[in-house]
Amino acid sequence: MGENMTHKIISSHLVKGSMVPGEDVFVTVDQTLTHDINAVMTYLAFEQIGLKRARTEISVSNLDHNLLYIDFKTPDDHIYLRTVAEKYGVYVSRPGNGICHMVHASRFAEPGKLLMGGDSHTPSCGALGMLSIGVGGMDVATAMTGLPMRLTMPKVVKVNLTGKLRAGVNAKEVVLEMLRRVTIKGGLGKVFEYVGEGVKTLEVPERLTIANMGAEMGATSSIFPADEVVERFMHAQERGEKYREFLPDEDAAYDEEMTLDLSALEPLIALPHQPDHVVPIKSLEEHPVVQQVFLGSCTNGSYSDFAKAALVMKGHYVNENVQCTAGIASKQIYKQLMQDGYLAMLVDAGVRILELSCGPCCAIGQVPPTNGIAVRTSNRNFRGRAGSPNANIYLVSPESAAATAIKGTFAAAEDVMEPEELAKLSEIHEPEHYFVDDAMLIKPLSEEEAEKVEVIKGPNINSLPVPEKPEKNLECRISLKGRDHISTDDITPAGAEFSSMRSNIPLMSKYCYHRYDPDFAERARELGKSIIIGGENYGQGSSREHAAINPMYLGVKCVIAKSIARIHCGNLINHGIVPLLFENPEDYDKVEQMDWLQIENFPDQIAAGEVTVIDKTKGISFKTKVNVSEAQKEVILDGGQLRHLQKQLIEEGILPAE
Ligand code: F3S
């Protein structure tokens, strides 16, 4: 049997391990990316590791998420991120260049390479035949050392696409349909590999939309072939020399298979508060007043997305009840839309053009009103994601978002366009040549120049807290018992105010679980040390490692849950919180917040993979599993990734022994 693309990339980067699903493999990483609201901790860690320079082919620090300088903190962060990048040989994508995933796909992605990024939507670059994996910030720091990275060998799912999208139906519908079928947990431990005749009908940004939202299925990644469509895109980006055809073998073996007919898709909508609550728009019986529409984000912020939204809006005005804003994904796209007249169409219709940044997607501006309804083309609709705990977020395509903005309630393009106008949407394609101008990218300095750079840290930038090793006998209370599907937005709230605190853990930790349980931070601090209980899919959503660092700083020693999301589980381990899973999920119901728990011989039990927890309040005990690899257990027992990494670098002779 031949090889699929995922296996080809992993085997060509493999240093250690066997490629059996579920087993650990160790791979070299070619490229990394970070963004401003997660990255300060990454670079503080990299500084602490003690190497002189990043040891990857390409590392990029994107200043793209929080461009609202509401006080000194974020501009200070941006100066730190620029100077630290210059010091360690990292590219900087300056504010205004665009959102990290679109910038990376356009300017850096290469077929057959391996990218790790400190953002859960890093798989976006799978659109160009690159294996792109979202990880925590500490993992990115690790990848930058050049040491092989641990990866759980994924299963590979063949997604056979047939047919062709009809006018008014977007790549968003492809991934919403995937979510409807697979659910938010169905991608766990898997890479979705899109193949088949239907793939050839999808342009690179459409593939990016699909790969991007594979993250919402919990997938390790998603990947498309590097074929003539990718070749055309890379030539349009003046990067044709980096193109190489990269396809699965014709007789490639897969662990699972599914088929999706693009022609059969119709406009879909994800209902609050999970992206897999997907139904056809036309099936909605209620048509309430919509207050906000947001076009864009990394998911659907491409040239074609906006050009199509503009055509839907042509000759119409945004409904008077609606605030409609646009977050275009890059400067290149902005200029092209301007040249081709689509920007004017949007502005004429009453769309407010925002900065080229993430903005509303992570609650940096455009928070919906009380109990408001927001319709967005971004990728997440968790409660609180828009910065308001009582807002309802619906996810749709740009065509449907534009129609909704006009009508003031849920609508698809076909509801506002005559058939002959609708057909014109299919005539919109990506440019044959983009505006290529890398003036907004700061290139890495030479080693000699880098030595002279002074890294500038504003007063808000605190050092990275480093956890202790697990104690022998742990005895503490439960500081929080949470429901199913707690997201990292619940643990560390999104928004301009909170994002600007991310370099200052003592400050930010005061707002840990702020919108979910406002008393948590104070309670955990008073307890000194504690345990969190979670339900299913604990820590889903954004890769932000602050959702591990803040609880660790407040003394949380372990999380016991029914299941834990992949990236968050890695972040807990990296930051010294032990992730445990109930062996019997019914034990979740037996424990209560503030119960006294005891774990004897904790390190030994971690090493053995099974931990008995005694609930002294209830007079019961229950079993939990340490459902992590042997390599991850080592990290836990070393007291987190930073201590573990320094030990490894000394053993490898890369760092001198102290
Ligand atoms: Fe930014 Fe939202 Fe994408 S925060 S990276 S636009 S998921």
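Thresholds applied
- Residues numbered from 1 in each chain as written.
- Predicted model: local features only at pLDDT ≥ 70, side-chain atom pairs only at ≥ 80, totals over all residues.
- Heavy atoms only, no water.
- Helix = DSSP H or I, 4+ residues; strand = E, 2+ residues; numbered from the N terminus.
- Rg over C-alpha atoms; globule rule 2.2 N^0.38 Å.
- Contact = heavy atoms within 4.5 Å.
- Areas by Shrake-Rupley, 256 points an atom, 1.4 Å probe, with all protein chains shown as cover.
- Lys, Arg positive; Asp, Glu negative; His and termini not counted.
- Charge placed at Lys NZ, Arg CZ, Asp CG, Glu CD.
- Salt bridge = Lys/Arg side-chain N within 4 Å of Asp/Glu carboxyl O.
- Buried < 20%, exposed > 50% of the residue type's maximum accessible area, 1.4 Å probe, protein only.
- Pairing = 2+ DSSP bridges.
- Axes fitted to C-alpha atoms, helices over the stretch in contact; angles between N-to-C directions.
- 1 Å grid on protein atoms, 1.4 Å probe; cavity = no way out; pocket = protein on both sides within 12 Å on 5 of 7 lines; lining within 4 Å.
- Points joined across faces, edges and corners; volume = space filled by probe spheres on them.
- Polar contact = N/O pair within 3.5 Å; in protein donor to acceptor, adjacent residues only side chain to side chain.
- Near = heavy atom within 4 Å.
- Sits in = over half its atoms within 2 Å of the grid points.
- Nonpolar A, V, L, I, M, F, W, Y, C, P; charged D, E, K, R; others polar.

K.L.:
Help me understand the overall build of the chain in this model?
P.N.:
Secondary structure assignment for the chain yields 23 helices and 27 strands. Taken against the 2.2 N^0.38 rule, which gives 26 Å for 658 residues, the C-alpha radius of gyration of the chain at 24 Å falls within 12% of a compact globule. Here the C-alpha coordinates of the chain stretch approximately 70 × 55 × 55 Å along the principal axes. Counted over contacts in the chain with a minimum sequence separation of 6, partners at least 24 positions apart contribute 77%. Working note: accessible area of the chain is about 23000 Å², and carbon and sulfur atoms make up 47% of it. In the chain, the 65 positive side-chain charges and the 89 negative ones have mean positions that sit 3 Å from each other.

K.L.:
I keep staring at the pattern of salt bridges and nothing clicks. Help me out?
P.N.:
Pairing between side chains of opposite charge can happen when their charged atoms approach one another. Applying the stated criterion across every chain, the model contains 30 salt bridges. Between D489 and R385 there is a salt bridge whose closest N-O contact spans 3.3 Å. Taken together, the residues D489 in helix α15 (residues 488-491) and R385 in the loop between β18 (373-376) and β19 (392-395) connect sequence positions 104 residues apart. Note on accessibility: D489 and R385 belong to one class, buried. Between D638 and K647 there is a salt bridge, and its shortest N-O distance comes to 3.0 Å. Take K647: its relative accessible area is 35%, and that puts it in the partly exposed class. Taken together, the salt bridges that share partners define one network made up of E177, R180 and R181.

K.L.:
Got a minute to help me understand the sheet that holds strand β10 (residues 190-195) in this structure?
P.N.:
In a beta sheet, neighbouring strands are held together by backbone hydrogen bonds and run either parallel or antiparallel to one another. Pairing is parallel across the open sheet formed by four strands, whose spatial order is β11-β10-β9-β12. The strands lining the two open edges of the sheet, one partner per strand, are β11 (221-223) and β12 (256-261). Pairs of neighbouring strands in the sheet enclose a mean axial angle of 20°, with direction left out of account. Pairing geometry for strand β9 (residues 155-162) and β10, over six bridges, is parallel.

K.L.:
Help me out: how do you make sense of the layout of surface pockets in this one?
P.N.:
Considering only enclosed or pocket space, the second largest pocket measures out at about 480 Å³ in volume. Taken together, 28 residues line the second largest pocket, and the ones lying closest to its centre are T201, E203, E206, I428 and H429. When residues of the lining of the second largest pocket are traced back to their parent elements, those giving at least two are α7 (204-212), α8 (228-236) and α9 (303-313). Among the elements that take part in the lining of the second largest pocket, α8 stands out by supplying four residues, more than any other.

K.L.:
How should the environment of S388 be read in this particular structure?
P.N.:
Relative to the helices and strands, S388 resides in the loop between β18 and β19. Judged by relative accessible area, which is 8%, S388 ranks as buried. C-alpha separation for the pair S388 and V367, spaced 21 residues apart in sequence, amounts to 6.4 Å. Each residue touching S388, except ones within four places of it in the same chain, is listed here: V367, P368 and P369. Engagement of the side chain of S388 in a polar contact is seen with the side chain of N390, the distance being 3.0 Å.

K.L.:
Is there a simple way to think about the site of the ligand in this case?
P.N.:
Looking at the ligand, the residues that line it are H65, I99, H101, H121, S297, C298, C358, C361, C362, N379 and R385. With respect to the detected pockets, the ligand is housed in the second largest cavity. Each residue belonging to the shell around the ligand can be placed in one class, and the counts come to five nonpolar, five polar and one charged.

K.L.:
Where do I start with the pairing of strand β7 (residues 131-134) in this structure?
P.N.:
Regular strands place side chains that alternate from one sheet face to the opposite one. Alternating positions in β7 separate into two faces, L131 and I133 on one and S132 and G134 on the other, with burial throughout. For strand β6 (residues 114-117) and β7, the ladder comprises four bridges, and the chain directions are parallel. The residue bridging L115 from the neighbouring strand is S132, located in β7.

K.L.:
What am I meant to see in empty space enclosed by the protein here?
P.N.:
Rolled over the atoms, a probe sized like a water molecule indicates the empty space that remains. Per the counting criterion, the structure on display carries nine cavities of 30 Å³ or more. Considering only enclosed or pocket space, the largest cavity measures out at about 250 Å³ in volume. Lining the largest cavity are 23 residues, with A215, G218, Q540, G541 and A565 sitting closest to its centre. Here the lining of the largest cavity takes three residues from helix α20 (residues 566-574), the largest share from any one element. Grouping the amino acids of the lining of the largest cavity by side-chain chemistry returns nine nonpolar, 10 polar and four charged. Taken as a whole, the second largest cavity holds about 170 Å³ of empty space. Residue lining of the second largest cavity: 20 residues in total, with H65, D119, H121, C361 and R385 positioned closest to the centre. For the lining of the second largest cavity, the secondary-structure elements that each account for two or more residues are α2 (36-49) and α4 (100-107).

Read these as spatial facts, not as claims about activity.
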